[in-house]
Amino acid sequence: MSNTQNEKCKGKHFTWSKPMSHMLLEILAEKALKGNKPSFTFGAESFVKVATEISQKFNVQCEPKYVDNHLKTVKKEWGIITKLKNKSGFGGDDCLKMITVSKDVYDEELKV
């Protein structure tokens, strides 16, 4: 394992790269499309599959609990993005993959 990859696993925190996050979402989306998500949550076997594939592809030690925690983070971030995009004066730039807002609306939002 290279030093950079070792650093991703240091201590109690696991650092997710963008390619790792994309892989997590692709695997879970595929499972959901195949009907392997019977409720509003993914089962432990889904997290094991993601952790195993990420560990192998990126040469890191990814644990199922890291997958579960990261999915919670992604859901929380997506909720914030959706809330902002739906507010008056806010929008989204698909090319830049960013929330957009005028300075006046931004300044007004900070006052609230």
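Residues numbered from 1 in each chain as written. Predicted model: local features only at pLDDT ≥ 70, side-chain atom pairs only at ≥ 80, totals over all residues. Heavy atoms only, no water.

1. A look at the overall build of the protein
Then, in step 1: Along its length, the protein carries five helices and two strands.
Then, in step 2: Going from the N terminus to the C terminus, the protein shows its helices and strands as α-α-α-α-β-β-α.
Then, in step 3: Every one of the 112 residues in the protein was classed for burial, and the buried ones make up 23%.
Then, in step 4: Restricting the contact set of the protein to residue pairs at least 6 apart, pairs at least 24 apart contribute 41%.
Then, in step 5: For the protein, the computed accessible surface area is about 8,400 Å², with 56% contributed by carbon and sulfur atoms. (Helix = DSSP H or I, 4+ residues; strand = E, 2+ residues; numbered from the N terminus. Buried < 20%, exposed > 50% of the residue type's maximum accessible area, 1.4 Å probe, protein only. Contact = heavy atoms within 4.5 Å. Areas by Shrake-Rupley, 256 points an atom, 1.4 Å probe, with all protein chains shown as cover.)

2. Some remarks on the packing of helix α2 (residues 18-33) against helix α3 (residues 44-58)
Then, in step 1: The interhelical angle for the contact between α2 and α3, taken along N-to-C directions, is 140 degrees, at an axis separation of 10 Å. Crossing hand, α2 versus α3: right-handed. Between α2 and α3, the residues in contact are P19, M20, M23, L24, I27, L28 and K31 and S46, K49, V50, E53, I54, K57 and F58, respectively.
Then, in step 2: The residue inventory of the contact of α2 with α3, partitioned by class, reads nine nonpolar, one polar and four charged. (Axes fitted to C-alpha atoms, helices over the stretch in contact; angles between N-to-C directions. Left-handed = near helix turned anticlockwise from the far one by under 90°. Nonpolar A, V, L, I, M, F, W, Y, C, P; charged D, E, K, R; others polar.)

3. Quick notes on the pairing of strand β2 (residues 98-101)
Then, in step 1: Taken together, the four bridges between strand β1 (residues 90-93) and β2 define a ladder with antiparallel strand orientation. Across the sheet, the residue bridging to D93 is M98, located in β2.
Then, in step 2: Linkage of β1 to β2, two consecutive antiparallel strands, is achieved through a turn of four residues, within which K97 is found at a positive phi near 55 degrees. (Pairing = 2+ DSSP bridges.)

4. Some thoughts on the side chain of H70
Then, in step 1: On the secondary structure map, H70 appears in helix α4 (residues 64-86).
Then, in step 2: Setting aside chain neighbours within four positions, we find H70 in contact with W16, S21 and L24.

5. So, the layout of surface pockets
Then, in step 1: Here the largest pocket defines a volume of roughly 720 Å³.
Then, in step 2: Of all the elements in the fold, those that place two or more residues in the lining of the largest pocket are α2, α4, β1 and β2.
Then, in step 3: No other element matches the seven residues that α4 contributes to the lining of the largest pocket. (1 Å grid on protein atoms, 1.4 Å probe; cavity = no way out; pocket = protein on both sides within 12 Å on 5 of 7 lines; lining within 4 Å. Points joined across faces, edges and corners; volume = space filled by probe spheres on them.)

6. With respect to the packing of α3 against α4
Then, in step 1: Close contact between α3 and α4 brings their axes to 8 Å; oriented N to C, the two are set at 105 degrees. Judged on the interaxial angle alone, α4 and α3 are roughly perpendicular. Counting all contacts with α3, which are made through F47, V48, V50 and A51, the residues of α4 involved are P64, V67, D68 and L71. (Parallel < 35°, antiparallel > 145°, perpendicular 65-115°, else oblique.)

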